[in-house]
Amino acid sequence: MACAFVVAALLAACAHAAIPNAMLRAIPVLPPVSAPEGQRTTPNGTVVPSLDTVYIFNQLIDHTNPGLGTFEQRYWMDWEYYTPGGPIILMTPGEVNAQNYTGYLTNNTINGLIAQQQNGATIVIEHRFFGLSNPYPDLSSQSLAVLTIQQAIDDLVYFAGQASLPMPGGASVKPDTTPWILIGGSYAGALTAWTMVNQPGIFYAGYSSSGVVEAIMDYWAYFKPIQEYMPQNCSADVQSVIAYLDGLYAANDTEKLQDLKSMFGLGGLSHIDDFAFALQLNLFDWQQLAPYTGAGAMFFQFCDALEVKSGQIAGPGGWGLENAIEAWGGFWNSTYYQHVCGDLDAETCLGTYNTSQSFWTSTAVDNNARSWFWIVCNQVGFYQDGPPVGQPAIVSRIITPEYVERQCVNMFPQTFSSPPQPAVAQVNEEYQGWGVEVDRLFFANGQRDPWREATVSSDFIYKASTDTQPIYVGDGFHCSDLITESGLVDASIAKVQSAALEYMKTWLAGWTPKS
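Bear in mind the structure is a predicted one, so any value in this text is a computation, not a measurement.

### Examining the side chain of glutamine 151
Here's step 1: Tracing the chain through its elements places glutamine 151 in helix H5 (residues 149–162).
Here's step 2: Owing to a relative accessible area of 8%, glutamine 151 belongs among the buried residues under this scheme.
Here's step 3: In terms of polar contacts, glutamine 151 uses its side chain to reach the side chain of aspartate 62, at 2.7 Å.

Structural data, given as structure tokens:
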């Protein structure tokens, strides 16, 4: 699930492949943070390795069948601030190649701030079947059978209990003698909560940022915070175009639908649902935003294209349908098509019906889209589609859960002979979903986060914040509170970060070894 998946990177890696569908375009993953290279010196004068040093842990392939053996799971570690007795702070960045997330070892993030305050060490561990941490040499359906939420939980627990860490004294800092803190953002934030629910007593404390704890199949509410917080003139004009598109579709006016597609330079798209999906891409760019994002961000370029005309800015109601179609289509023709598709034709780039494309067929490792798709189709859903009637629509109701379920069959025909329904009810029952109750678990969420409605701060529930399970909400976007810089530019996020540090200090003061 977060922080958005970068389409350009996929296209570079998979020439002549379809881009990810809607829910892959906005995977719930935390934003990457880079780290300085080279050796460093601790405050007491000890030289510690470069943060890009890769360590290997022999992880079980299948925790239900240890006899199958182990695979090499990558991790990175820093002990610059560590002194004996300090906590071990573990994070997986979730559904990505973890090598671009070594910044989470440093005080550029909440992980490092906690380590600095509490004299702790930080670890980033790669999730199974992402990056180069693969139980099997391919991402076939047969291999991915051991890619489940439970296996990922058991990986974290097994690592904490078995790893001999590379720092001095690293063989003797197991959870019975040393406090371990589990941190995650987005899907990995949910994984933090799910792990503490499923395997209590291993991790003494946890921090879940934008944690999507409630698995939701029909996740139309992804677009709800976007509609609420985007410029209202832009929202009004987007809604007018979407209403026009949906009206033409309902009337089966194929001639005007073709004219509309052509206005966007997408006349070559064979299926109207793929065109409706293409228009979602402009909204997914919201997930790229952060409190420190500048005015040149792609989402703001999009809204400026719609709302600035002859030097004048539209009022809250926008300019109206005619201008909105012309301006939105013009933005696709002048800027956005090249940004998304490069030199590919529209059907190759945006179509989802040609199942012979390598996007659907390749089983090569280090393909986070395919691995995440497996989790989505089987367990968590999060199909980002059009809203129910009565809700504001900034994306088309042509996009339904069936649009994504069909693509599950495209990707995994050996597993799904017909469109599947993910086991969201089972996930929520086993790991408590919105009902999660765990001692010493800090939840941090953002009002502007498109994943907000799957977190414990959803508008669809009321969950009280307590001293044992605090819930703090800032004015941020997706996982904004994880990044130190966010707190420097947004006082509401600084408050969240300060509260987390204070809770960690209080909780760790009460920790006692088990033996």
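This is not the end of the story, as more comes after the structure.
### Considering the confidence of the model for the protein chain
Here's step 1: Residues of the protein chain with pLDDT of at least 70 account for 95%, and the chain-wide mean is 93.
Here's step 2: Considering only residues more than four positions removed or in separate chains, one finds that residues 1–23, a stretch of pLDDT under 50, has 95 contacts.

### Looking at the sheet that holds strand E3 (residues 55–60)
Here's step 1: Overall, mixed pairing links the 8 strands, which are arranged E3-E4-E6-E5-E7-E8-E13-E14 in an open sheet. Looking at the sheet topology across the chains shown, the edges are occupied by E3 and strand E14 (471–474). Direction aside, neighbouring strands of the sheet carry axes that sit 25 degrees apart on average.
Here's step 2: Taken together, the 4 bridges between strand E8 (residues 205–209) and strand E13 (residues 441–446) define a ladder with parallel strand orientation. Opposite tyrosine 207, over in E13, you have phenylalanine 442 as the bridge partner.
Here's step 3: Here helix H6 (residues 187–198) sits on the sheet and contacts strand E7 (180–185), E8 and E13; the angle it forms with E7, its principal contact strand, is near 145 degrees.

### Here's the deal with the pattern of salt bridges
Here's step 1: A full pass over the atoms with the stated rule returns 13 salt bridges.
Here's step 2: For glutamate 126, the salt bridge is made with arginine 74, and the minimal N-O distance between the two is 2.8 Å. One end of the pair, glutamate 126, is in the loop between strand E6 (121–125) and helix H4 (141–144); the other, arginine 74, is in strand E4 (residues 70–78), with 52 residues separating them in the sequence.
Here's step 3: Here glutamate 126 falls in the buried class, since its relative accessible area comes to 0%.

### A closer look at the packing of helix H8 (residues 232–251) against helix H11 (residues 298–307)
Here's step 1: Two elements in contact, H8 and H11, have axes separated by 9 Å at closest approach and are oriented at 75 degrees. Judged by the inter-axis angle, H8 sits roughly perpendicular to H11. Across from Asn233, Cys234, Asp237 and Val238 in H8, the residues of H11 making contact are Phe302, Cys303, Leu306 and Glu307.
Here's step 2: Split into classes, the residues belonging to the contact of H8 with H11 amount to 5 nonpolar, 1 polar and 2 charged.

Basis of the calculations
Residues numbered from 1 in each chain as written. Predicted model: local features only at pLDDT ≥ 70, side-chain atom pairs only at ≥ 80, totals over all residues. Heavy atoms only, no water. Helix = DSSP H or I, 4+ residues; strand = E, 2+ residues; numbered from the N terminus. Buried < 20%, exposed > 50% of the residue type's maximum accessible area, 1.4 Å probe, protein only. Polar contact = N/O pair within 3.5 Å; in protein donor to acceptor, adjacent residues only side chain to side chain. pLDDT = per-residue confidence, 0-100. Contact = heavy atoms within 4.5 Å. Pairing = 2+ DSSP bridges. Axes fitted to C-alpha atoms, helices over the stretch in contact; angles between N-to-C directions. Salt bridge = Lys/Arg side-chain N within 4 Å of Asp/Glu carboxyl O. Parallel < 35°, antiparallel > 145°, perpendicular 65-115°, else oblique. Nonpolar A, V, L, I, M, F, W, Y, C, P; charged D, E, K, R; others polar.

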